[in-house]
Amino acid sequence: MASSINCPHFVHHNTKDLAEAMASPASFKLLYFPLLGRGSTSRDILTYGGADFESIHPPNWPSDKSNTPFGGLPVLYITGKNGKEVTLSESGVVEAYLAGLYNLLGNNAYDAAVIRAVHNSAADLQTGMSGTVTFNHPGAKEKCLETLKTTTLPNLLGSWERHLVDNGSNGFFFGDRLSLADIRVSNLLEHLAVQPNADELMAIVAKYPHVFKLREQVAHHPKLAAWRQSEEWQNYARTMKGFMATAGPK
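The model shown is predicted, which means the values in this text are computed figures rather than measured ones.

Calculation notes
- Residues numbered from 1 in each chain as written.
- Predicted model: local features only at pLDDT ≥ 70, side-chain atom pairs only at ≥ 80, totals over all residues.
- Heavy atoms only, no water.
- 1 Å grid on protein atoms, 1.4 Å probe; cavity = no way out; pocket = protein on both sides within 12 Å on 5 of 7 lines; lining within 4 Å.
- Points joined across faces, edges and corners; volume = space filled by probe spheres on them.
- Nonpolar A, V, L, I, M, F, W, Y, C, P; charged D, E, K, R; others polar.
- Helix = DSSP H or I, 4+ residues; strand = E, 2+ residues; numbered from the N terminus.
- Contact = heavy atoms within 4.5 Å.
- Polar contact = N/O pair within 3.5 Å; in protein donor to acceptor, adjacent residues only side chain to side chain.
- Buried < 20%, exposed > 50% of the residue type's maximum accessible area, 1.4 Å probe, protein only.
- UniProt positions renumbered as here; feature names shortened; annotations may be inferred.
- Phe/Tyr/Trp six-rings, centres within 6.5 Å; stacked < 30°, edge-to-face > 60°.

A. Structural context of empty space enclosed by the protein. One pass over the structure, following the stated rule, counts one cavity of 30 Å³ or more. What the largest cavity holds in volume is close to 30 Å³. Lining the largest cavity we find L36, G37, S40, Q126, N187, E190 and H191. Considering only residue class, the lining of the largest cavity consists of one nonpolar, five polar and one charged.

The structure is reproduced here in structure tokens:
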């Protein structure tokens, strides 16, 4: 985007046309920073679905922030086939909407609940890392990082490993095909891989072979491989790594 973001207020009445636009979208724009992070899962889902979408970046985040629905990113702009435009925000909401649109929530309500539970576990860990490690003060950061490495991360990886084994050790969390759970967990793993201490963190991940297999399965999925290998995705990864190296109070 070349100028400031123009984000309309939410509409609270007569929303039938907006719901129709969401059900039958023509194109999308996903507003997020030019790096990995919370926009990555949505980019993956849009790619998986073969959507007509454009990744856009805030031109001046300090001034643009107040023009987003809740002062945060990502924001998804939907243009419906009926010509109506819809704005969605909050990463979990955007991901759940796109996952439903592109059949990544299983076959029934139970499937969807389990898939969302796994999704939430990955999102919670990433959010927790942001507060306790990435943006924490140096002294407290080291203690929290040690807890992450010795307790929090191994406990969650162990849970994921058990679920993956229970599903037949096929590299998916549910059934025999890709779901929102797989994509979200893989993006959490990519987040670990760009941390300043990535070698230590990924060595922990490597102790859980089925989780490690899932990361590879998503990265090489026929609908995602070209995107994950593209220069755009690689640039996002490099930028994210540079950002993580200097993030937080000094």
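B. Representation of the environment of N82. Structurally, N82 can be placed in the loop between β3 (75–80) and β4 (85–89). The sequence separation of N82 and E20 amounts to 62 residues, and the corresponding C-alpha distance is 7.5 Å. Dropping the residues within four chain positions of it, N82 is found in contact with D17, E20 and A21. For N82, the side chain forms a polar contact with the main-chain oxygen of D17, separated by 3.0 Å. Of note is the side chain of N82, whose polar atom sits 3.0 Å from the backbone nitrogen of K84.

C. Up close: helix α2 (residues 40–48). With nine of nine residues buried, α2 is to be regarded as a mostly interior element. Turning to α2, its buried residues number three or more, namely S40, T41, S42, R43, D44, I45, L46, T47 and Y48. Of the residues flanking the end of α2, it is G50, one or two places downstream, whose phi is positive at about 65°.

D. Just the environment of T127, in detail. Residue position: T127 is located in helix α5 (residues 109–134). Given a relative accessible area of 41%, T127 falls into the partly exposed group.

E. Representation of the UniProt feature "domain: GST C-terminal" (unreviewed entry) in the protein. Residues annotated in UniProt with the feature "domain: GST C-terminal" (unreviewed entry) correspond here to residues 108–243. Helix makes up 76% of residues 108–243 and strand makes up 0%, while its end C-alpha atoms are separated by 40 Å.

F. Quick peek at the packing of aromatic side chains. Across all of its chains, the model carries five aromatic pairs by this definition. A centroid spacing of 5.3 Å and a plane angle of 85° characterise the contact between F33 and W61, whose relative ring orientation is edge-to-face. Of this pair, F33 sits in the loop between β1 (25–31) and α2 while W61 sits in helix α3 (residues 61–64), placing them 28 residues apart in sequence. Among the residues examined, F33 registers a relative accessible area of 25% and is labelled partly exposed.

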